[in-house]
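Structural features, examined
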Amino acid sequence: MSEAKNPWWHTATIYQVYPRSFSDSNGDGIGDLPGIIHRLDYLADLGVSAIWLSPIFKSPMDDNGYDISDYREVAPEFGTLADFDHLVAEAKARGIGIILDLVVNHSSDEHPWFLDACTGRDSRYRDFYIWRDAAPGGGVPNDIPSIFGGSAWSFHESTGQYYFHQFTRRQPDLNWENPELRAQVYEMMNWWLDRGIAGFRMDVIDLIGKEPDRGITAEGPYLHRYLQEMHDKTYGGRDVLTVGEAWSATPSSALLYSGRDRNELSMVFQFEHVTQAWDPEHGKWRPRDFDLVALKKVLGKWQLALADDGWNSLFWGNHDLPRAVSKYGDISGYHTESAKMLATVLHLLKGTPYVYQGEEIGMTNVPFTTIEQYKDVETLNMHRLHLEAGLSPDDFIAGANANGRDNARTPMQWTDAEHAGFTTGIPWIEVNPNFRHINVDASLSDSSSILNHYRALIQLRKQHPVIVYGRYQSYLDQDPQFFIYTRTLGDQRLLVIANFSAKEGTLELPEELHLAGQCISYNYRPFERLGATLQLKPYEAFAVLGAKR
Ligand code: TEU
Ligand code: CA
């Protein structure tokens, strides 16, 4: 990208909105674009530079919009194209950009391309998707599994072939080997860029270079060629942020995506800190105990790998992940303290921080007790499959409560009124019962709220280049209780210390960290002069900015 040396997104914090669950303006129980517009002042006040909108496009909503049936229409439940243009303008007036979710690994099975492709093997759009004959002895072409369970191949009766889908059967994979498909995608991207958007979050972008016949799904051989082509034909030369979702990314592939001379993306979302906490065999449905040493190792590895080239994204949560404070903090004893601690640790790392809606007020996982309360297609599919495999319903619910996607999808908690002020109707998914005390209203009126802590951290990034560019170094890597790192730029040093535990603790500080300076962030009390030993309270965290010794 022919971008300036220091692009705007280096100092930016991005806020993710999941439109369905953010703010409902018309009482149908579903969040919508006018609802988002209504909340822009709140987001401007928080200080975010851009909003990543989860998909708003026309869709049968089998996967809540990650199954698009028209890439150039807004889903009627979310509003109209005019509402969208209004959102872009109103956001821009507040210094906020709109980042769209680009879901082009697959479309909906209701997309006209797929409907046409199903009319016959000679359809003009047949080759926009991936069709194969049955295996020689009959049955699926090969054993690639769908990420949502079962086979990635479904049989299409009337044309007698299987089509490939890495998610549900209602999300057929697009065939990126077809140049005509690629050209159509680029044209569509330019159509949105011309409406003034600030960039794209690219859904499962690491999967577009797939070669199903060789069993290759992620990071296929043509992936980077496609991304360079996309860059050149669409956003290259435009001042936008592009972030690719890449579950398969490693530190070295992240440099391919986001390296400064690569002309691909601004950055990727990598998930190593997420998946390291999953069961190696049963994945997220059997979570492991929290392990700080493992978490520090992964985060530190990425900080160092992208220190000089490439760029990190920083996040604890999103619409697919459990709530950060439930996962890494302590919602029973130290809700506020641990939520602030997590924010401090993440926001003072090098990279662009992403805040998932509600995280800034400490929203938590939901205590659902029956499968009927869940709406997510992945959770419902996995429920069926795991029960068939002999897991007890209670064990499944326990796993879903710990790691299921609906944890992040309950309505945003605005007030202590009915349905948390999200809707005047019946919300499409139940509100978390803790909205009476965890809500935006209460957070706004409390100067020591989690929300105000986030606001301060977002401002700090804009003020201090050491937070944006400082070199990362960690300390006491094997310590299971404390997370300690420094960021150094010129003769400035920022020291961040966090207690990741509900236990108080004594910290012996290495000599070189006996620092004096200004405490720019804290969740109990400001430390300004650090000696050899420190007594830290449960989930205490602070950051001191001083001169390098
Ligand atoms: O997610 C990709 C993805 O692989 C996740 O579904 C993830 O693996 C899973 O939730 C963890 O078990 C993206 C979107 O973020 C997600 O919402 C979509 O469902 C998916 O792609 C398909 O578009
Ligand atoms: Ca609505």
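Above this text sits the structure in question.
Notes on the structure in this doc start here. (Residues numbered from 1 in each chain as written. Chains lettered and ligands numbered in written order. Predicted model: local features only at pLDDT ≥ 70, side-chain atom pairs only at ≥ 80, totals over all residues. Heavy atoms only, no water.)

Moving on to helix α15 (residues 450-463). Residues spaced three or four apart along an α-helix face the same direction, because each turn holds 3.6 residues. Helix length check: α15, at 14 residues, gives a terminal C-alpha distance of 20 Å against a target of 20 Å (1.5 Å per residue), a fit within 8%. Among the residues making up α15, those that are buried are Ile450, Leu451, Asn452, His453, Tyr454, Leu457, Ile458, Leu460 and Arg461. (Helix = DSSP H or I, 4+ residues; strand = E, 2+ residues; numbered from the N terminus. Expected span 1.5 Å × (residues − 1). Buried < 20%, exposed > 50% of the residue type's maximum accessible area, 1.4 Å probe, protein only.)

Now for the pattern of salt bridges. Using the criterion set out here, one finds 28 salt bridges in the structure. Notably, a salt bridge pairs Asp213 with Arg132, separated by 2.7 Å at the nearest N-O pair. Taken together, the residues Asp213 in the loop between β9 (199-202) and α6 (223-233) and Arg132 in strand β6 (residues 131-132) connect sequence positions 81 residues apart. A salt bridge links Asp194 to Arg238, with the shortest nitrogen-to-oxygen separation between them at 2.9 Å. Of this pair, Asp194 sits in the loop between α5 (179-193) and β9 while Arg238 sits in the loop between α6 and β10 (241-245), and the two are 44 residues apart along the sequence. Given the relative accessible area of 58%, Asp194 is considered exposed. Looking at Arg238, the relative accessible area reads 26%, which means it is partly exposed. Taken together, the salt bridges that share partners define one network made up of Asp63, Lys284, Asp320, Asp376, Glu378, Arg405 and Arg409. (Salt bridge = Lys/Arg side-chain N within 4 Å of Asp/Glu carboxyl O.)

In strand β19 (residues 533-536), alternate side chains face the same way, and those of Leu534 and Leu536 are buried while those of Thr533 and Gln535 on the opposite face are not. Inspection of the sheet shows strand β17 (residues 505-508) paired to β19 by four bridges, in the antiparallel sense. Across the sheet, Glu508 pairs through a bridge with Thr533, a residue of β19. (Pairing = 2+ DSSP bridges.)

Let's shift gears to the packing of α5 against α6. At their nearest, the axes of α5 and α6 sit 10 Å apart, and the two run at 40 degrees to each other. As the angle between them shows, α5 and α6 are arranged oblique. The interaxial crossing formed by α5 with α6 has right-handed handedness. On α6, the residues touching Arg182, Tyr186, Met189 and Asn190 of α5 are Tyr226, Glu229, Met230 and Lys233. Looking at side-chain class alone, the contact of α5 with α6 contains four nonpolar, one polar and three charged residues. (Axes fitted to C-alpha atoms, helices over the stretch in contact; angles between N-to-C directions. Parallel < 35°, antiparallel > 145°, perpendicular 65-115°, else oblique. Left-handed = near helix turned anticlockwise from the far one by under 90°. Contact = heavy atoms within 4.5 Å. Nonpolar A, V, L, I, M, F, W, Y, C, P; charged D, E, K, R; others polar.)

Moving on to the packing of aromatic side chains. Summed over all chains, the structure comprises 38 aromatic pairs. Look at Phe114 and Trp131: their rings are 5.8 Å apart centre to centre, the planes differ by 5 degrees, and that puts the pair in the stacked class. With Phe114 in helix α4 (residues 112-117) and Trp131 in strand β6, this residue pair connects regions lying 17 residues apart in the sequence. Classification of Phe114 by relative accessible area gives buried; the value is 4%. Arranged with centres 6.0 Å apart and planes meeting at 75 degrees, the rings of Phe290 and Tyr328 form a pair that is edge-to-face. Placement of the pair is Phe290 in the loop between α8 (272-275) and α9 (292-305) and Tyr328 in helix α10 (residues 324-328), with a sequence separation of 38 residues. Note on Phe290: relative accessible area 38%, which makes it partly exposed. A network of ring pairs unites the aromatic residues Trp52, Trp247, Phe269, Phe271, Trp278, Phe315 and Tyr354 as a single cluster. The cationic tip of Arg20 hangs over the ring face of Trp428; the distance from NZ or CZ to the ring centre is 4.8 Å. Over the ring of Trp131 we find Arg126; its NZ or CZ atom is 3.5 Å from the centre of that ring. (Phe/Tyr/Trp six-rings, centres within 6.5 Å; stacked < 30°, edge-to-face > 60°. Lys NZ or Arg CZ within 6 Å of the ring centre and 35° of its normal.)

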